[in-house]
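# Coordinate inspection notes
What follows is each chain in one-letter form.
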Amino acid sequence: MEQSAHGDEPAGAVADAAETLDHPLPEGVRRRVIALVADAFGGLTVAELPAPLRQYARFTASRRAKFAGNAMAAALEGDPLFRQRIGERFKQSQPELAEAVETGTPPAAADPVDVAAAAYVLRPPGWGKLVAAAGEEVQRADAERADEAGRREVERLREELAAARERSRSETEQLRHDLETARKEAESLHRKLRSAQSDVKRGEAALRRAQAEMDAARSEAAAQVSAAESESRRLKARLGEVEAALEASRRAVREGRSVEDMRLRLLLDTVLDAAQGLRRELALPPVSVHPADTVDAVEPGRMSPKDIATRALSETDPALLDQLLTLPQTHLVVDGYNVTKTGYPTMPLEKQRLRLLGGLSALAARSGAEVTCVFDGAELAAPVLLAPPRGVRVLFSKPGVTADELIRQLVRAEPPGRPVVVVSTDREVADGVAKAGARPVSSALLLKRLSRLS
């Protein structure tokens with residue numbers, strides 16, 4: 001029969017005192033014992049609990065294990081009657097394991113921690129050895145897990161070292177490639193610098209020749225002005241003589257005007273008044289277009305995109321784009337992503353668009369040309385909230401339509417004869433718009449021109 005905490009100790013207490021642990025209870029076994037006590041705790045009444053544990057009677061098993069673990073472990077060790085009651089609850093919940101531990105034949109497949117926890121609670125003969133053996137087994141398992149973790153860590157470090165070496169090799173190759181590219185660019189810049197210096201010298205010589213020709217022209221113009229002033233004075237004198245003769249002639253006409261002249265003047269006034277009345281009745285607008293203005297031809301001083309193409313300028317010279325934009329009513333159509341991915345491909349698409357549109361706005365303000373920038377709508381992950389800059393029309397292609405096709409539609413929409421310049425490095429786009437009468441230029445040419453504006 002069970003005894004109260006203030007009565008005689010159970011019969012097993014004397015046997016328990018004969019066995020003690022040489023080492024502290026292993027941590028894994030201790031946690032399992034606390035969990036076992038927390039589970040069995042709820043089956044006892046408040047009167048059956050030791051006084052220090054009664055405040056945790058209404059806690060759940062998990063909260064008892066968390067907040068009352070140390071108190072339960074102390075009560076289990078120091079209160080044999082409480083330990084006996086916990087043991088009886090354990091026998092009811094796990095009879096097979098309890099019976100095997102009490103008979104000293106724990107199952108070989110049982111968890112050593114569970115066996116040690118049961119032995120610690122039930123305290124059968126030799127329970128100390130079972131707890132010690134479980135502690136050794138737990139330490140051995142922890143050591144194996146630590147070795148396995150160490151091996152995995154070593155393997156991970158080896159893989160990271162190999163990856164670092166591979167990255168180092170790749171970066172070294174990239175640096176070598178970048179160095180070679182920079183060297184070639186430097187050589188190209190040196191050649192361009194020498195060519196520019198030569199052009200400057202030729203320009204200075206031409207300027208000196210033009211200055212000399214201008215001085216000569218000024219001298220000739222001064223001589224011609226002097227001669228013209230002399231002729232003007234002579235003509236003024238002659239004009240005075242003619243005006244005097246004309247006034248004398250008018251006086252003679254007035255004095256000798258006949259009746260027929262008067263009738264003719266009256267008839268002429270009648271015709272003029274009738275014509276003015278007819279104009280008011282028909283409300284005819286003033287004549288602003290003449291028949292000769294309707295004939296399609298090239299006027300002197302005007303240039304078409306083909307005329308510009310025949311000038312001695314390189315296809316990569318930004319001055320070529322400036323000349324094209326000086327044509328009357330020029331329309332500049334830009335393949336947006338083709339330009340941005342040529343000039344600054346590493347930037348996000350949003351920043352690519354903003355940078356290009358800022359440069360095009362400045363170019364439109366300076367040249368006065370109509371500017372349209374086309375982006376491929378397939379590149380969009382979501383609708384674009386974009387306020388187009390002043391002077392630039394921004395278009396995105398619809399689903400199923402590429403930016404290249406939208407550019408060709410814009411070119412076909414223009415009337416024949418209007419100068420249209422298309423910026424794209426795509427050869428298919430360039431050939432297509434050229435057949436439609438537009439002038440294709442490369443993206444690099446536009447990028448060079450925009451770099452001069454920044």
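So, here's what we can say about the structure. (Residues numbered from 1 in each chain as written. Predicted model: local features only at pLDDT ≥ 70, side-chain atom pairs only at ≥ 80, totals over all residues. Heavy atoms only, no water.)

### Concerning the pairing of strand β1 (residues 331–335)
- Within β1, five of the five residues are buried, which leaves the element mostly enclosed by the surrounding structure.
- Neither face of β1 is open: one carries His331, Val333 and Asp335, the other Leu332 and Val334, and all of them are buried.
- Looking at chain direction, β1 and strand β2 (residues 370–375) are connected through five bridges and run parallel. Paired with Leu332 across the strands is Val371, a residue of β2.
- Direction of pairing for β1 relative to strand β4 (residues 420–423): parallel, over a ladder of four bridges. Its bridge partner being in β4, His331 is matched across the sheet by Val420. (Buried < 20%, exposed > 50% of the residue type's maximum accessible area, 1.4 Å probe, protein only. Helix = DSSP H or I, 4+ residues; strand = E, 2+ residues; numbered from the N terminus. Pairing = 2+ DSSP bridges.)

### Section: the side chain of Ser397
- Tracing the backbone through its elements, the reader meets Ser397 in the loop between β3 (392–396) and α14 (403–413).
- A polar contact of 3.2 Å, which involves the side chain of Ser397, links it to the side chain of Asp376.
- Here Val401 takes part through its backbone oxygen, which lies 2.9 Å from a polar atom of the side chain of Ser397.
- Excluding anything up to four places from it in sequence, Ser397 contacts Phe375, Asp376, Gly377, Thr402, Ala403 and Leu406. (Polar contact = N/O pair within 3.5 Å; in protein donor to acceptor, adjacent residues only side chain to side chain. Contact = heavy atoms within 4.5 Å.)

### A few points about the sheet that holds β1
- Overall, parallel pairing links the five strands, which are arranged β3-β2-β1-β4-β5 in an open sheet. The sheet is open, and its two edges are formed by β3 and β5 (439–441), each paired on a single side. Strand-to-strand twist across the sheet, computed as the mean angle between neighbouring axes with direction ignored, equals 20°.
- Strand contacts of helix α11 (residues 318–325): β1, β4 and β5, with the helix running at about 150° to β5, the strand carrying the most contacts.
- α14 contacts β1, β2, β3 and β4 of the sheet and is inclined by roughly 155° relative to β2. (Axes fitted to C-alpha atoms, helices over the stretch in contact; angles between N-to-C directions.)

### Things to note about the environment of Leu360
- The topology assignment puts Leu360 in helix α13 (residues 349–367).
- Leu360 gets classed as buried once you look at its relative accessible area, which sits at 0%.
- Separated by 13 residues in the primary sequence, Leu360 and Cys373 have C-alpha atoms spaced 8.5 Å apart.
- In this structure, Leu360 is in contact with Val334, Val371, Cys373, Val392, Leu446 and Leu450, ignoring residues within four places of it in sequence.

### A closer look at the packing of α14 against helix α15 (residues 427–435)
- Here α14 crosses α15 at 15°, and the two axes come no closer than 10 Å. Considered as vectors, α14 and α15 are oriented roughly parallel to each other. Considering how the two elements wind past one another, α14 and α15 form a crossing that is right-handed. Between α14 and α15, the residues in contact are Asp404, Ile407, Arg408 and Val411 and Glu428, Val429 and Val433, respectively.
- For the contact of α14 with α15, the per-class residue count stands at four nonpolar, no polar and three charged. (Parallel < 35°, antiparallel > 145°, perpendicular 65-115°, else oblique. Left-handed = near helix turned anticlockwise from the far one by under 90°. Nonpolar A, V, L, I, M, F, W, Y, C, P; charged D, E, K, R; others polar.)

### What about the side chain of Ser424?
- Position of Ser424 relative to the elements: it lies in the loop between β4 and α15.
- Only 3.3 Å separates the side chain of Ser424 from the side chain of Asp335, close enough to count as a polar contact.
- If sequence neighbours within four positions are ignored, Ser424 has contacts with Asp335, Asn338, Val429, Val441, Ser442 and Ser443.

### Overview of the environment of Leu81
- The topology assignment puts Leu81 in helix α5 (residues 80–93).
- Classification of Leu81 by relative accessible area gives buried; the value is 4%.
- Sequence-wise, Leu81 and Glu48 are 33 residues apart; in three dimensions their C-alpha atoms are separated by 9.2 Å.

### Quick notes on the pattern of salt bridges
- Under the definition given, this model contains 18 salt bridges.
- Close ionic contact of Arg156 with Glu153 constitutes a salt bridge, the shortest N to O distance being 2.2 Å. With a gap of three residues between them, Arg156 and Glu153 both fall in helix α8 (residues 127–255), about one helical turn apart.
- Its relative accessible area of 34% is what places Arg156 among the partly exposed residues.
- We classify Glu153 as partly exposed; its relative accessible area is 34%.
- When the shortest N-O distance is used, the salt bridge between Arg412 and Glu405 registers 3.2 Å.
- Overall, Glu405 belongs to the partly exposed group, its relative accessible area being 25%.
- Where salt bridges share partners, they join Glu370, Arg393, Glu414 and Arg418 into one cluster. (Salt bridge = Lys/Arg side-chain N within 4 Å of Asp/Glu carboxyl O.)

### Focus on the nonpolar core
- Counting residues in each nonpolar core, the largest one holds 34 residues, and the members touching the most others are Val33, Leu76, Phe82 and Ile86.
- Of all the elements in the fold, those that place two or more residues in this core are α2 (27–41), α4 (69–78), α5, α6 (95–102), α7 (112–122) and α8.
- It is α7 that contributes the most residues to this core, nine residues altogether.
- For Val33, the contacting residues outside a window of four places in its chain are Leu25, Leu76, Ala117, Tyr120 and Val121.
- With 27 residues, the next largest nonpolar core counts Leu332, Val339, Ala364 and Val441 among its residues. (Core = buried A, V, L, I, M, F, W, Y, C linked by side-chain atoms within 4.5 Å.)

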